[in-house]
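Chain residues, written in single-letter form:
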Amino acid sequence: MAYTPINLGSVADDLRGDRLRTAGQKLNSNFAEVYASHPREIVTSSRTYYVSTSGNDSNTGLTVGSPFLTIQKAVQVATESLVVYAGLTITIQLADGTYTLTAPINLGTRWGNTPSPRNLVFNGNATTPANVVVTSSTVSLFQVYSGFITIQNMELRCTFSSGACVMAERSGRAEI
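Worth saying up front: this structure is predicted, and the values here are computed from it rather than measured.

A.B. asks: What am I meant to see in the overall build of the protein chain here?
C.D. replies: The secondary structure content of the protein chain amounts to 2 helices and 11 strands. Ordered by position from the N terminus, the helices and strands of the protein chain form the series α-β-β-α-β-β-β-β-β-β-β-β-β. Expressed as a percentage of the 176 residues in the protein chain, the buried residues total 36%. The contacts of the protein chain with a sequence gap of at least 6 include a subset with a gap of at least 24, amounting to 63%. Total accessible area on the protein chain is roughly 10300 Å²; 52% of this is exposed by carbon and sulfur atoms.

A.B. asks: Looking at this model, I keep getting lost on the pairing of strand β2 (residues 47–51). Mind explaining?
C.D. replies: The side chains of a regular strand alternate between the sheet's two faces. Here β2 shows one buried face, formed by Arg47, Tyr49 and Val51, and one open face, formed by Thr48 and Tyr50. Note that β2 and strand β4 (residues 90–94) share 5 bridges and pair parallel. Looking across to β4, one finds that arginine 47 is bridged to isoleucine 90.

A.B. asks: When you look at the sheet that holds strand β5 (residues 97–100) in this model, what are you seeing that I'm missing?
C.D. replies: What links the strands of a sheet is backbone hydrogen bonding, and the strands pair in either a parallel or an antiparallel sense. The sheet built from 3 strands is open, its strands ordered β5-β8-β10 with parallel pairing. The sheet terminates laterally at β5 and β10 (155–158), the two strands that pair on one side only. Here the strands of the sheet are splayed against their neighbours by 20° on average, with no regard to which way each runs. By the bridge criterion, 4 bridges tie strand β8 (residues 132–136) to β10 in an arrangement that is parallel. Along β10, the bridge assignment pairs valine 134 with leucine 156.

A.B. asks: Whenever I open this one, the environment of valine 84 confuses me. Can you help?
C.D. replies: Note on placement: valine 84 falls in strand β3 (residues 82–84). For valine 84, a relative accessible area of 21% translates into the label partly exposed. Once the C-alpha coordinates of valine 84 and asparagine 119 are considered, the two residues, 35 residues apart in sequence, prove to be 9.1 Å apart.

A.B. asks: Looking at this model, I keep getting lost on the nonpolar core. Mind explaining?
C.D. replies: Soluble globular proteins: nonpolar side chains tend toward being buried together. In this structure, Ile71, Leu94 and Phe122 are the most contacted members of the largest nonpolar core, which totals 29 residues. Secondary-structure elements contributing two or more residues to this core are β2, α2 (71–80), β4, β6 (105–107), β7 (120–123), β8 and β9 (142–152). Here phenylalanine 122 is in contact with Ile71, Val75, Ile92, Ile105, Leu107, Phe142, Ile149, Thr150, Ile151, Gln152 and Met154, once residues within four sequence places are set aside.

A.B. asks: In this structure, what is going on with the pattern of salt bridges? I would like to understand it.
C.D. replies: For side chains bearing opposite charge, pairing can occur when the charged atoms are close. Counted under the stated rule, the structure contains 2 salt bridges. Put simply, aspartate 18 and lysine 26 hold a salt bridge, and the shortest N to O gap is 2.7 Å. The salt bridge involving glutamate 155 is made with arginine 157; its shortest N-O contact spans 2.9 Å. Taking the relative accessible area as the measure of exposure, glutamate 155 reaches 29% and is therefore partly exposed. For arginine 157, a relative accessible area of 40% corresponds to the partly exposed category.

A.B. asks: What should I look at first to understand the environment of threonine 150 in this one?
C.D. replies: Tracing the sequence through the fold places threonine 150 in strand β9. In this structure the C-alpha to C-alpha distance between threonine 150 and leucine 120, which are 30 residues apart in sequence, comes to 6.4 Å. Discounting chain neighbours no more than four positions away, the residues touching threonine 150 are Leu120, Val121, Phe122 and Glu175.

A.B. asks: Help me understand a nonpolar patch on the surface, please; the structure alone is not making it clear to me.
C.D. replies: A surface patch of nonpolar side chains, amounting to about 260 Å² of accessible area, comprises Ile42, Val83 and Tyr85. Residue position: valine 83 is located in strand β3. Judged by relative accessible area, which is 31%, valine 83 ranks as partly exposed.

A.B. asks: Even after reading the chapter, I still don't get the state of the cysteines, so can you show me in this structure?
C.D. replies: Between two cysteines, a covalent bond joining their sulfur atoms is known as a disulfide. Applying the stated criterion to the full structure yields 1 disulfide. With a sulfur-sulfur separation of 1.7 Å, cysteine 158 is cross-linked through a disulfide to cysteine 165. Cysteine 158 sits in the partly exposed class, given a relative accessible area of 24%. Relative accessible area serves as the criterion here: at 23%, cysteine 165 is assigned to the partly exposed category.

Criteria and cut-off values
- Residues numbered from 1 in each chain as written.
- Predicted model: local features only at pLDDT ≥ 70, side-chain atom pairs only at ≥ 80, totals over all residues.
- Heavy atoms only, no water.
- Helix = DSSP H or I, 4+ residues; strand = E, 2+ residues; numbered from the N terminus.
- Buried < 20%, exposed > 50% of the residue type's maximum accessible area, 1.4 Å probe, protein only.
- Contact = heavy atoms within 4.5 Å.
- Areas by Shrake-Rupley, 256 points an atom, 1.4 Å probe, with all protein chains shown as cover.
- Pairing = 2+ DSSP bridges.
- Axes fitted to C-alpha atoms, helices over the stretch in contact; angles between N-to-C directions.
- Core = buried A, V, L, I, M, F, W, Y, C linked by side-chain atoms within 4.5 Å.
- Salt bridge = Lys/Arg side-chain N within 4 Å of Asp/Glu carboxyl O.
- Patch = residues over 30% accessible without salt bridge, like charges linked within 9 Å, V, L, I, M, F, W, Y side chains within 5 Å.
- Disulfide = S-S within 2.5 Å.

Next comes the structure, spelled out in structure tokens:
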């Protein structure tokens, strides 16, 4: 299938362009092609992805029994493969353990050209937050350029000499 332009005519309302139904069919066809080439799952209810130090990034992350290994993989799935309706939450549930980051968790970009979630929650152990540790000695842990995140029930340990554990700028917002 190829892109099909809509004939708009040469001037407004000259009745030489496509009729409304034909134009709508072309729009539907064009969007179907775009969605087919970049498939994203439409999420209609809140969802949880599980991460464990004994997980595997080839797992689905959808159950405690098949968790991802890295936080980065869970974020990638949440931001690159889903369409999340407003008002829904994607939770990344971290099992007890220490997660050492070698690169920051980036949500959006400085230039705003990558997808970011509207409401993403990073949750650890509500009973014993010290059992879940996210650490780095070289980089910021979370960089939020757009979207809204909540980080709860865990310890953040940053041992580098400059920077911040959590950085939010532009239209990003982090709640810790």
